[in-house]
Amino acid sequence: MSPDTPGDHGPPGHTTPLDEGEAEDLLRGICFKTGPPHIVGVELEWLLHDRDHPRSPVPHHRLEAAATAVRALPLNAAVTFEPGGQLELSSRPADSLMACVNDTAADLIAVRDVLGRLDLAPVGIGVDPWQSPRRLLREPRYDAMEVALDRWGPAGRAMMCTTASVQVCLDAGEEEPGPLGYGRRWQLAHLLGAVLVAVFANSPFRQGMPTPWRSTRQSLWTDLDPLRTLAPAGQLPPRDAWASHVLDTPVMCIRGEAGPWAVPEGLSFRDWIRCGVPRGPVRADLDYHITTLFPPVRPRGHLELRMIDAQSGDDGWLVPLAVTTALFDDPEAAETVYRTVKPLAETAGPLAAPRNPLWLRAARDGLTDPELRVAAAACFELALEALPRMGATRAVRDTVAGFHDRYVARGRCPADDLRELFAPDRADGRYDPKGTLS
């Protein structure tokens, strides 16, 4: 519902530096804003390909023309472009699933039309199957991010420039315990999240070559940084766990008035508060720091579920949005799905997502994993039962049912289609497409 990048990318105004207690209180207060869940949002990222030559890099000037044209549209969603030229639409918070679906569908019709006139196509796939990372945006944030993430290898640049996702945004939940309580929803997100990775895995290729993963995008997030992409570890209550995680994760950058931003190494936000060098962090720095953390579930008042690969087709995005919303927000489905996925905690073990065995199996094996296949089948059955209660139209329910029949019922995910769509026809083992990805 809100983009990763705040509107103000520059240094914060001169306000009073935070102390540790203030920072912890702020985090506990802003990360889980509780109440009866009903607000829904979605953030859709798309790769932009030449409509007729999808393997050819789109020149910078054509992407700039696309950005100008899309930004001129009267859309409901906020529009941003990612470092590699990916298009992101961030919906407004909607009062119901169908309001979110209708607004987003209308936006996408307009976006596809204007891109089509430029001979471009928005492509829903988790990792660009052909292109190497090529950063087009030259802003202090991304300059600093590249420096910081390069310390851990090439996954950072690949994530910044060649990946795309569907992010579902839901209310944190009620203060009281129960199926809609924020504590239960936090637990559910980290178990159901692995099922969503497996069901919607849609990125088995990178730079023209097959990978061992059905969700190569998820593997890139796993390799990105030792702490920045992890869920909070341990068994603390959600507010305490998230506050500690934010303060103990290294700062990606310290914004400055001019020139490149400082990129400290190994300086946690807590350490920065204590040392106050080169200046003491203020509230704006804390807010900004949160946007540089990329766990699979990020609490920002609401919950951002960030683990789903972008989906192909005109309405592929609709399925993860509808299924996830139904399983979280319908009380009957929420209670049953929690019991369904709770046994997965034993497979996950003590390691934090996405580096535990459950999440790694989901990204590598998709629904060929028997345990994940059984869980996915149960989840889709519950979602299909819940969607009518949530006011979902017949078209939405049919789209979800069609995905179930094509993939879940057969123990497949979209990545399996992509593996069949590509056929080896070169001696060097590289892969060329037999059909369109858009």
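Residues numbered from 1 in each chain as written. Predicted model: local features only at pLDDT ≥ 70, side-chain atom pairs only at ≥ 80, totals over all residues. Heavy atoms only, no water.

### Remarks on the pairing of strand β8 (residues 297-300)
Note the cut-off: Paired strands are those between which DSSP finds at least two bridges. A run of H or I in DSSP becomes a helix once it reaches four residues, and a run of E becomes a strand once it reaches two; helices and strands are each numbered from the N terminus.
Pairing between β8 and strand β9 (residues 302-309): four bridges, direction antiparallel. From the neighbouring strand, Arg300 faces β9, where its bridge partner is His302. In this antiparallel pair of consecutive strands, β8 and β9, the connection spans one residue, and Gly301 shows a positive phi of 95°.

### Concerning the packing of aromatic side chains
Aromatic ring pairs: the centre-centre distance and the angle between the two ring planes describe each pair. Here is the rule: The criterion for an aromatic pair is that two Phe, Tyr or Trp rings (for Trp, the six-membered ring) have centres within 6.5 Å, with stacked assigned to planes under 30 degrees apart, edge-to-face to planes over 60 apart and tilted to the rest. Exposure categories follow from relative accessible area, calculated using a 1.4 Å probe and restricted to protein chains: below 20% of the type maximum is buried, above 50% is exposed, and the middle band is partly exposed. Whether a charge sits over a ring comes down to the Lys NZ or Arg CZ being within 6 Å of the ring centre and within 35 degrees of the ring normal.
Tallied over the entire structure, the rule returns nine aromatic pairs. With a centroid separation of 6.4 Å and 45° between ring planes, the pair formed by Phe200 and Phe380 is classed as tilted. Pair noted here: Phe200 is in the loop between α6 (182-199) and β6 (205-206) and Phe380 is in helix α15 (residues 370-389), with a separation of 180 residues, a long-range link. Here Phe269 and Trp272 contribute two aromatic rings whose centre-to-centre distance is 5.5 Å and whose plane-to-plane angle is 75°, an arrangement assigned as edge-to-face. Residue Phe269 and its partner Trp272 are both found in helix α9 (residues 269-275); the two are separated by three residues, about one turn of the helix. On the basis of relative accessibility, which here comes to 0%, the residue Phe269 falls in the buried class. Cluster of aromatic residues (ring-pair linked, three or more members): Phe200, Phe380, Phe403 and Tyr407. Its guanidinium or amino end placed over the ring of Tyr182, Arg239 lies 4.5 Å from that ring's centre, counting from NZ or CZ.

### A look at the confidence of the model for the protein
Note that predicted coordinates carrying low pLDDT should not be read in detail. Operational definition: As a per-residue quantity, pLDDT reports the predictor's confidence and falls between 0 and 100. Here, two residues are considered to be in contact whenever any of their heavy atoms come within 4.5 Å of each other.
In this model, the protein carries an average pLDDT of 93, and 93% of its residues clear a pLDDT of 70 or more. pLDDT under 50 marks residues 1-9. Its contacts with residues more than four places away, or in other chains, come to 35 contacts. Within the model, pLDDT remains below 50 along residues 424-438, and this stretch shows 40 contacts once partners closer than five positions in the same chain are excluded.

### A word on the packing of helix α5 (residues 155-162) against helix α7 (residues 216-223)
What counts, and what does not: Helix axes are fitted only over the stretch in contact, all axes being lines through C-alpha atoms; the angle between N-to-C directions runs from 0 to 180 degrees. In what follows, roughly perpendicular refers to angles from 65 to 115 degrees, roughly parallel to angles under 35, roughly antiparallel to angles over 145, and oblique to any angle outside these ranges. What makes a crossing left-handed is the near helix being turned counterclockwise from the far one by less than a right angle; a clockwise turn instead makes it right-handed. Residues were grouped as follows: Ala, Val, Leu, Ile, Met, Phe, Trp, Tyr, Cys and Pro as nonpolar; Asp, Glu, Lys and Arg as charged; and all remaining residues, including Gly, as polar.
It is at 8 Å that the axes of α5 and α7 come closest, and there the two elements cross at 135°. When the axes of α5 and α7 are compared, the pair comes out oblique. Where α5 crosses over α7, the two elements pack in a sense that is left-handed. Mapping the contact onto sequence places Ala155, Ala158 and Met159 in α5 and Leu220, Trp221 and Asp223 in α7. Of the residues in the contact of α5 with α7, the class split is five nonpolar, no polar and one charged.

### A few points about the state of the cysteines
Applicable threshold: Sulfur atoms of two cysteines make up a disulfide when they are within 2.5 Å.
Summed over all chains, the structure comprises zero disulfides. The cysteine Cys31 is free of any disulfide, with Cys169 supplying the nearest cysteine sulfur at 16 Å. Under the relative-accessibility criterion, Cys31 is labelled buried at 1%. No disulfide involves Cys169; its nearest neighbouring cysteine sulfur is the one of Cys100, lying 8.6 Å away. Exposure remark for Cys169: the relative accessible area of 0% places this residue in the buried category.

### Some points on the environment of Gly234
On the secondary structure map, Gly234 appears in the loop between α7 and α8 (238-248). Looking at Gly234, the relative accessible area reads 56%, which means it is exposed. Measuring from C-alpha to C-alpha, the distance between Gly234 and Ala395 comes to 42 Å, with 161 residues separating the pair along the chain.

### Focus on the nonpolar core
The tendency in soluble globular proteins is for nonpolar side chains to be buried side by side. Definition in use: What we call a nonpolar core is a set of buried Ala, Val, Leu, Ile, Met, Phe, Trp, Tyr and Cys residues that are connected through their side-chain atoms within 4.5 Å.
Formed by 103 residues in total, the largest nonpolar core has its most connected members in Leu192 and Val195. Of all the elements, α6 adds the most residues to this core, at 12 residues. Residues within four places of Leu192 in sequence aside, it is in contact with Leu327, Phe328, Val337, Val341 and Cys379. Core analysis: the next-biggest nonpolar cluster, separate from the first, contains 20 residues, Met145, Ala155, Leu220 and Phe294 among them.

### A closer look at the side chain of Gln218
In this fold, Gln218 is placed in helix α7. Sequence-distant contacts of Gln218, defined by excluding residues within four places in its chain, comprise Val197, Met307, Pro354, Trp359 and Ala363.

### So, unusual backbone geometry
Cis geometry marks the peptide bond from Val277 to Pro278; its omega dihedral reads 5°. Note on placement: Pro278 falls in the loop between α9 and α10 (283-291). Ala353 connects to Pro354 through a cis peptide bond whose omega is 5°. Tracing the backbone shows Pro354 in the loop between α13 (344-348) and α14 (357-365). In the Ramachandran plot, Asp119 falls in the positive-phi region, its phi being about 60° despite a non-glycine side chain. One can find Asp119 in the loop between α3 (97-117) and β4 (120-123). Given a relative accessible area of 34%, Asp119 falls into the partly exposed group.

### Re the side chain of Arg306
Heads up, the rule is: Within 3.5 Å is the distance limit for a polar contact, defined as a pair of N or O atoms, with the added protein rule that one can donate a hydrogen and the other accept it, and that residues adjacent in sequence qualify only through two side-chain atoms.
Within the element layout of this structure, Arg306 appears in strand β9. On the basis of relative accessibility, which here comes to 6%, the residue Arg306 falls in the buried class. For Arg306, the side chain forms a polar contact with the main-chain oxygen of Pro295, separated by 3.4 Å.

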